[in-house]
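Residues per chain, in single letters:
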Amino acid sequence: MKLTAKSLKIILAFVLIGFGAGIYLQDLQHRKSTQHAWKANRYNLSRFDKITEYNKKMNAANWRMMRDSIQSQLDTLMILRFRREVDSINDLNVQVEKSQTAGMLGGI
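Presented here is a report on the structure given in the accompanying data block. (Residues numbered from 1 in each chain as written. Predicted model: local features only at pLDDT ≥ 70, side-chain atom pairs only at ≥ 80, totals over all residues. Heavy atoms only, no water.)

1. Thoughts on the overall build of the protein
What counts is decided by this rule: Working definition: helices are DSSP H or I runs of at least four residues, strands are E runs of at least two. Numbering for both runs from the N terminus. We compute the radius of gyration over the C-alpha atoms and compare it with the globule rule, which gives 2.2 Å times the number of residues raised to the power 0.38. Burial here depends on accessible area, computed with a 1.4 Å probe over protein chains only, as a share of the maximum for the residue type. Under 20% is buried, over 50% is exposed, and the range in between is partly exposed. Exposure was quantified through the Shrake-Rupley algorithm and a 1.4 Å probe, taking into account, for residues, occlusion by the shown protein chains and nothing else.
Of regular secondary structure, the protein possesses 2 helices and 0 strands. In terms of overall size, the protein is more extended than a compact globule, its C-alpha atoms giving a radius of gyration of 34 Å where 108 residues would be expected to give roughly 13 Å. Principal-axis analysis of the C-alpha atoms places the extent of the protein at approximately 90 × 70 × 15 Å. Taken across its 108 residues, the protein has 0% of its residues classed as buried. About 10400 Å² of surface is accessible on the protein, with carbon and sulfur atoms providing 65% of the total.

In C-alpha cells:
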C-alpha cells in the first residue's frame, strides 16, 4: 500500500478530528466536575462561616450552655446504644428459647 499525499491528508484529518473530539469531551467532563465541586464547596463554606460566627459570639456562659447541650446529646446517644444492645440480647434469648423448644418437640 502506497501512502499518497491524499491518503496522508485524510489520516491527518482523522487524527486531528479525534484529538479535537477528545479534548472537547474532556473539557465537558471538567466543567461538570468543577460545577459539582463549587456547589459542594459553597455548602461547606457556608457551614464554616456559621461555625465561625458562632465562635465569635461565644463567651463563658455560652460555652457552659453548649457543653451541657453536648453532654445531653451524648447521654441520649448512650441510652439509645444501651436500648439497642438490650433489644439484641432479648432477640437472642428468644431465638435460643425457640430452638430449645423445637429441640424438645423434635425429640418426642
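The structure having been displayed, the exposition proceeds.
2. Quick word on the environment of Gly18
Mapped onto the fold, Gly18 is located in helix α1 (residues 5-57). With relative accessibility at 41%, the residue Gly18 sits in the partly exposed group. Distance in space between the C-alpha atoms of Gly18 and Ile89 is 64 Å, their sequence separation being 71 residues.

3. Here's the deal with a nonpolar patch on the surface
What counts is decided by this rule: Any residue with relative accessible area above 30% and no salt bridge may belong to a patch, with like charges joined within 9 Å and the nonpolar Val, Leu, Ile, Met, Phe, Trp and Tyr side chains within 5 Å. Here, a salt bridge means any side-chain nitrogen of Lys or Arg that lies within 4 Å of a carboxyl oxygen of Asp or Glu.
Side chains of Leu3, Leu8, Ile11, Val15, Phe19 and Ile23 sit close together on the surface and give an oily, nonpolar patch of about 590 Å² of accessible area. Structurally, Ile23 is set in helix α1.

4. Thoughts on the pattern of salt bridges
Scanning the model with the defined rule gives 2 salt bridges in all. With its nearest N and O atoms 3.1 Å apart, the salt bridge here joins Arg31 to Asp27. Here Asp27 and Arg31 lie together in helix α1, a separation of 4 residues that amounts to about one turn. Asp27 sits in the partly exposed class, given a relative accessible area of 30%. Salt-bridge contacts for Arg81 lead to Glu85; the nearest nitrogen and oxygen are separated by 3.5 Å. Pair noted here: Arg81 and Glu85 are both in helix α2 (residues 60-107), with a separation of 4 residues, about one helical turn.

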